[in-house]
Amino acid sequence: DNDCNGGVDEGFMTDNDFVGTDTIWHKAANWSLGMVPIACHNVGIGLGGSLQTVHFPGSGGQGGGSESSNTFNTIHIGPDGSLVLNPFVYVTILGGHLWNEGILHAKGSLFMQSVMATTGNGLVNEGVMTIDSQAYIQVQNIIGIGIYNKNIILNNGDLSATSYTHKPLGIIGIRNEGIIS
């Protein structure tokens with residue numbers, strides 16, 4: 001039933017890694033669980049030692065629309081991975097954690113919110129992130145560091161770390177040990 005209730009039909013907080021040979025996100029055969037990631041999945045891209053580029057299409061794009069959720073637990077882009085969020089994509093990460101060791105190109109928008117008490121840092125960038133002028137990345141209600149940059153963020157859009165509810169925004173909103181321009 002794919003409702004992330006921990007039933008045997010889908011793994012609750014289970015890794016679902018991209019294993020495809022093309023670049024299409026919304027194709028079940030491209031994922032290790034044989035299904036497009038859903039809200040309870042920890043998404044992995046470029047973790048297996050071979051170069052992988054994945055395009056998350058916007059509304060009306062190839063494979064877009066209602067074929068899958070745009071909400072996930074976590075996303076990990078490995079050193080061999082590249083994720084392109086196409087225009088008009090709005091992705092929500094409820095586990096509050098995105099770890100980029102590869103390339104993240106945000107033409108669409110990314111919203112991260114911690115709903116798990118165990119969440120540490122929100123967005124950790126050890127790769128290269130590009131945020132286009134009409135895109136935003138917003139991190140809120142993270143227990144650790146909201147945005148932790150260790151390499152390069154090229155920001156032409158909106159990058160923010162905020163707290164709106166009872167949870168304080170960690171000890172640091174943005175920690176930069178690299179370049180943000």
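All values derive from a computational prediction rather than experimental measurement. (Residues numbered from 1 in each chain as written. Predicted model: local features only at pLDDT ≥ 70, side-chain atom pairs only at ≥ 80, totals over all residues. Heavy atoms only, no water.)

Engineer: Lay out the overall build of the protein chain with the relevant residues and their values.
Structural biologist: Along its length, the protein chain carries zero helices and 16 strands. Counting all 181 residues of the protein chain, 46% fall into the buried class. In the protein chain, the share of contacts with a sequence separation of at least 24, taken over all contacts with a separation of at least 6, comes to 58%. A total of about 8100 Å² of accessible surface is found on the protein chain, and carbon and sulfur atoms cover 54% of it. (Helix = DSSP H or I, 4+ residues; strand = E, 2+ residues; numbered from the N terminus. Buried < 20%, exposed > 50% of the residue type's maximum accessible area, 1.4 Å probe, protein only. Contact = heavy atoms within 4.5 Å. Areas by Shrake-Rupley, 256 points an atom, 1.4 Å probe, with all protein chains shown as cover.)

Engineer: Outline the pattern of salt bridges, listing residues and values.
Structural biologist: Considering all chains together, one arrives at three salt bridges under this definition. Between Lys150 and Glu126 there is a salt bridge, with its nearest N and O atoms 3.3 Å apart. Here Glu126 lies in the loop between strand E9 (123-125) and strand E10 (128-131) and Lys150 lies in the loop between strand E12 (145-149) and strand E13 (152-155), a separation of 24 residues in the sequence. Given the relative accessible area of 29%, Glu126 is considered partly exposed. In this structure, the salt-bridge partner of Glu177 is Arg175, at a minimum N-O distance of 2.8 Å. (Salt bridge = Lys/Arg side-chain N within 4 Å of Asp/Glu carboxyl O.)

Engineer: Describe unusual backbone geometry, naming the residues involved and giving the relevant values.
Structural biologist: One non-glycine residue, Phe88, lies in the positive phi region at around 70°. Position of Phe88 relative to the elements: it lies in the loop between strand E5 (81-85) and strand E6 (90-100). Classification of Phe88 as exposed rests on a relative accessible area of 61%.

Engineer: Outline the environment of Gly178, supporting the account with residue identities and numerical values.
Structural biologist: Along the chain, the position of Gly178 falls in the loop between strand E15 (172-176) and strand E16 (179-180). A residue is classified by how much of its surface remains accessible, and Gly178, at 30% relative accessible area, is partly exposed. With 52 residues separating them in the primary sequence, Gly178 and Glu126 have C-alpha atoms 8.9 Å apart. What Gly178 contacts, discounting residues up to four positions off in sequence, is Asn149, Lys150 and Asn151.

Engineer: Any details on the side chain of His76? Residues and values, ideally.
Structural biologist: Here His76 is to be found in strand E4 (residues 71-77). The class of His76 is buried, set by a relative accessible area of 19%. A polar atom in the side chain of His76 sits 2.8 Å from the side chain of Glu101. Among all residues touching His76, those that are not within four sequence positions of it are Val43, Gly44, Ile45, Leu47, Trp99 and Glu101. (Polar contact = N/O pair within 3.5 Å; in protein donor to acceptor, adjacent residues only side chain to side chain.)

Engineer: Could you give me a rundown of the packing of aromatic side chains, with the residues and numbers involved?
Structural biologist: Scanning all chains against the criterion turns up five aromatic pairs. Ring geometry for Phe18 versus Trp31: centroids 5.1 Å apart, planes at 85°, classification edge-to-face. Here the residue Phe18 occupies a position in the loop between strand E1 (14-17) and strand E2 (41-45), and Trp31 occupies one in the loop between E1 and E2, the gap between them amounting to 13 residues. The same class applies to Phe18 and to Trp31, which are both buried. Between Phe56 and Phe72, the aromatic rings sit 6.3 Å apart at their centres with planes inclined by 75°, giving edge-to-face as the arrangement. Note that Phe56 is positioned in strand E3 (residues 52-56) and Phe72 in strand E4, a separation of 16 residues in sequence. (Phe/Tyr/Trp six-rings, centres within 6.5 Å; stacked < 30°, edge-to-face > 60°.)

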